[in-house]
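Single-letter residue listing:
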Amino acid sequence: MHFLISRDALLKPLSLVSGVVERRQTLPVLANVLLVLREKELSLIGTDLEVELVGKTEVDQAIQSGEVTVPARKFLDICKSLVDGAIVDVALAEKKLVIRSGRSRFSLATLAASEFPNVEEEPDTFSLTIDQAKVRQLLDNTSFAMAQQDVRYYLNGMLFEVGKDYLRLVSTDGHRLAMETLALQTALLETQQQILPRKGVVELSRLLSEEGGEITLTFGQNHIKAKVPEFTFTSKLVDGKFPDYNRVLPKGGDKTVIGDCQQLRQAFARASILSNEKYRGVRVALAEGEMKILANNPDQEEAEEVVAVEYSGEPIEMGFNVSYLIDVLSTLRSKSVRITLSDSSSSALLEAEGVGDALYVIMPMRL
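Now for a look at the structure at hand. Keep in mind it's a predicted model, so treat the numbers as computed, not measured. Counting from 1, residues in each chain are numbered in the order their sequence is written. Since the coordinates come from a predicted model, pLDDT governs what is reported: local features require at least 70, and pairs of side-chain atoms require 80 or more to be given and counted, while whole-chain, interface and lining totals use all residues. Remark: hydrogens and water are excluded; side-chain values derive from all non-hydrogen atoms of the structure.

1. Some details on the overall build of the protein
Our working rule: Note on conventions: DSSP H or I runs of at least 4 residues are helices, E runs of at least 2 residues are strands, and numbering of each starts at the N terminus. Only protein chains enter the accessibility calculation, which uses a 1.4 Å probe; a residue whose area is less than 20% of its type maximum is buried, one above 50% is exposed, and one in between is partly exposed. Whether two residues touch is decided by their heavy atoms; if any such pair falls within 4.5 Å, the residues are in contact.
When helices and strands are tallied, the protein shows six helices and 25 strands. Its C-alpha atoms put the protein at 80 × 55 × 35 Å along the principal axes. Going through the 367 residues of the protein one by one, you find that 51% of them count as buried. Within the protein, residue pairs in contact and separated by at least 24 positions form 67% of the contacts whose partners lie at least 6 positions apart.

What follows is the structure, encoded as structure tokens:
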């Protein structure tokens, strides 16, 4: 293997592919990225056995085709350290990858390409082609509510639900739920549900461009595959049943609060400074035209914020995890938020006032 390539053409795919590679590995080859040169096309492949990412770029000059694996982090750090616009000479010699640029020379240890694991191929069940920016927005609006290392492993991921005329993403950690629906026409006769693991969600989000362009999502029995022009992303699906989110959505809330997103977010952020660091609880007291936010901690320190809101109903007091409220208010892209409540022991439903199809549910806390 021997080729010449500009640093800039190599750096973007190498950065994204290296993001999949875990620092701690059970198999030494999993710390490596696989380089495959066929004519002038260079493929870079990284995997952790759960998620695989393939990046493609064109070399300036292909001298000899071939394939080999090299340590991902070291190769990335070397490329990052080279000057902008530099031409990189990469050659395989005596089981070492020799990288030259200007007066710099590096020699990296390699492992045979035959040791690198392949993601198993399986028949596809259905595909969708969507605008990248829309998928990225869906992921950004819902991914924060995924669980982390929950024993209910199916919560450590995101539900992709595809119906005849929609794509819906849902995530929950058992204390809060985020859900957004995108209208689109599909050829499906029955609703399909797949759970993408947390790491798959994070890597897919990194891959998507905000400028647009299309992405093709292909769902199989055990894998999801996402294709954009320069990259192919594959992730295993979580084998489990996602909870019925419709049972979590509050029904029949008769109390409505409309407030300014930014004002409320700032007030909750200030009050959170003196909340209990472990439980992060704040008390929310609603009265005619105002919301009072109260926080205290074991040191007997107190914070009180009063925010003007649209509310006309009987006074009500509830406890919430302030971090959950801030997460939702930071995600909403509208000026105002609509909060629907029924009583002090029921969940709160938050949504952007007048725009979008995102819904957020936050369970109350006992304080």
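2. Focus on helix H4 (residues 198-207)
Judged by how many residues are buried, H4 sits mostly within the fold: seven of ten residues are covered. Listed in full, the buried residues belonging to H4 are Lys199, Gly200, Val201, Glu203, Leu204, Ser205 and Leu207.

3. Quick word on the sheet that holds strand E11 (residues 157-162)
Definition in use: Strands pair, by our definition, only if DSSP identifies at least two bridges between them. Only the stretch in contact is used when fitting a helix axis, every axis being a line fitted to C-alpha atoms; angles between N-to-C directions are given from 0 to 180 degrees.
Read across the sheet, eight strands follow the order E14-E11-E12-E13-E25-E24-E23-E18 without closing on themselves; strand pairing throughout is antiparallel. Two strands in the sheet have a free side with no partner beyond their single neighbour: strand E14 (192-197) and strand E18 (255-260). Across the sheet, the mean angle from the axis of one strand to that of its neighbour is 20 degrees, orientation sign disregarded. For strand E24 (residues 348-352) and strand E25 (residues 358-362), the ladder comprises four bridges, and the chain directions are antiparallel. Its bridge partner lying in E25, Ala348 is registered against Ile362. Docked against the sheet, helix H3 (residues 132-142) engages E11, strand E12 (166-172), strand E13 (176-183) and E25, running at close to 165 degrees with respect to E13.

4. Describing helix H1 (residues 7-20)
For clarity, the threshold we go by: The span you would expect from a helix comes to 1.5 Å times its residue count less one.
In a regular helix each residue adds 1.5 Å, so 14 residues correspond to 20 Å; H1 covers 21 Å between its end C-alpha atoms and thus fits that length. Among all positions of H1, only Arg7, Leu10, Leu11, Pro13, Leu14, Leu16, Val17, Ser18 and Val20 are buried.

5. Description of the side chain of Arg7
Within the secondary structure, Arg7 sits in helix H1. With residues near it in sequence (within four places) discarded, Arg7 still touches Cys79, Lys80, Leu82, Val83, Asp84, Ala86 and Val88.

6. Let's talk about the pattern of salt bridges
Our working definition: By definition, a salt bridge exists where a carboxyl oxygen of Asp or Glu is found within 4 Å of a side-chain nitrogen of Lys or Arg.
Using the criterion set out here, one finds 16 salt bridges in the structure. A salt bridge links Glu67 to Arg38; its shortest N-O distance comes to 2.9 Å. With Glu67 in strand E6 (residues 66-71) and Arg38 in strand E2 (residues 32-38), this pair connects stretches of sequence that are 29 residues apart. Judged by relative accessible area, Arg38 falls into the partly exposed class, the value being 45%. With its nearest N and O atoms 3.5 Å apart, the salt bridge here joins Arg283 to Glu317. Of this pair, Arg283 sits in strand E19 (residues 281-287) while Glu317 sits in strand E22 (residues 316-321), placing them 34 residues apart in sequence. Look at Glu317 and you get partly exposed, because its relative accessible area is 43%. Several salt bridges converge on common partners, so that one network encompasses Arg7, Asp8 and Asp84.

7. Let's talk about the packing of H1 against helix H2 (residues 72-81)
Condition: Each crossing gets its handedness from the near helix: less than a right angle anticlockwise from the far helix is left-handed, clockwise is right-handed. Three classes are used: nonpolar for Ala, Val, Leu, Ile, Met, Phe, Trp, Tyr, Cys and Pro, charged for Asp, Glu, Lys and Arg, and polar for all others, with Gly counted as polar.
Contact geometry for H1 and H2: axes closest at 10 Å, N-to-C directions at 145 degrees. Every pair of crossing elements has a handedness; the one defined by H1 and H2 is left-handed. Residue-level contacts link Arg7, Leu10, Leu11, Leu14, Ser15 and Ser18 of H1 to Ala72, Arg73, Phe75, Leu76, Cys79 and Lys80 of H2. Residues belonging to the contact of H1 with H2 are distributed by class as follows: seven nonpolar, two polar and three charged.

8. Some remarks on the pairing of strand E17 (residues 231-236)
Most of E17 sits out of view: five of its six residues are buried. Bridge analysis of strand E4 (residues 51-58) against E17 gives five bridges, and the strand direction is antiparallel. Bridge assignment links Gly55 to a residue of E17, and that residue is Phe231. In the sheet, strand E16 (residues 223-228) pairs with E17 via six bridges, with the strands oriented antiparallel. When the bridges of E17 are listed, Lys227 appears paired with Thr232.

9. Regarding the packing of helix H5 (residues 261-272) against helix H6 (residues 322-331)
Put simply, the test is: For classification purposes, an angle smaller than 35 degrees is called roughly parallel, one larger than 145 roughly antiparallel, one from 65 to 115 roughly perpendicular, and anything else oblique.
Between H5 and H6, the shortest axis-to-axis distance is 9 Å and the interhelical angle comes to 150 degrees. Here H5 is positioned roughly antiparallel relative to H6, judged by the angle of their axes. Relative to H6, the crossing made by H5 is left-handed. Together, Cys261, Leu264, Arg265, Phe268, Ala269 and Ser272 of H5 and Val322, Leu325, Ile326, Leu329 and Ser330 of H6 make up the contact between the two elements. Its residues assigned to classes, the contact of H5 with H6 comprises eight nonpolar, two polar and one charged.

10. Some details on the sheet that holds strand E7 (residues 87-93)
Sheet architecture is open: five strands sit in the order E5-E1-E7-E8-E9, paired in antiparallel fashion. The open sheet has two edge strands, strand E5 (61-64) and strand E9 (104-109), and neither has a second partner. Averaged over all adjacent pairs, the angle separating strand axes in this sheet is 20 degrees, with direction ignored. Relative to E5, strand E1 (residues 2-6) runs antiparallel, the two being bridged by three bridges. Counted as the bridge partner of His2 is Gln64 from E5. Its contacts with the sheet place H1 against E1 and E7, and it is angled at close to 95 degrees to E1. Contacts from H2 reach strand E8 (96-101) and E9, with the element oriented near 170 degrees to E9.

11. Structural notes on the pairing of E19
Of all seven residues making up E19, five are buried, and the element is well covered by its neighbours. Both E19 and E22 contribute to a ladder of six bridges, which runs antiparallel. Bridge pairing in E22 links Gly281 to Asn321. Across five bridges, the pairing between E19 and strand E20 (residues 290-296) is antiparallel. Its bridge partner lying in E20, Leu286 is registered against Met291. The loop that links E19 with its antiparallel partner E20 comprises two residues; one of these, Gly289, has a positive phi angle of about 75 degrees.

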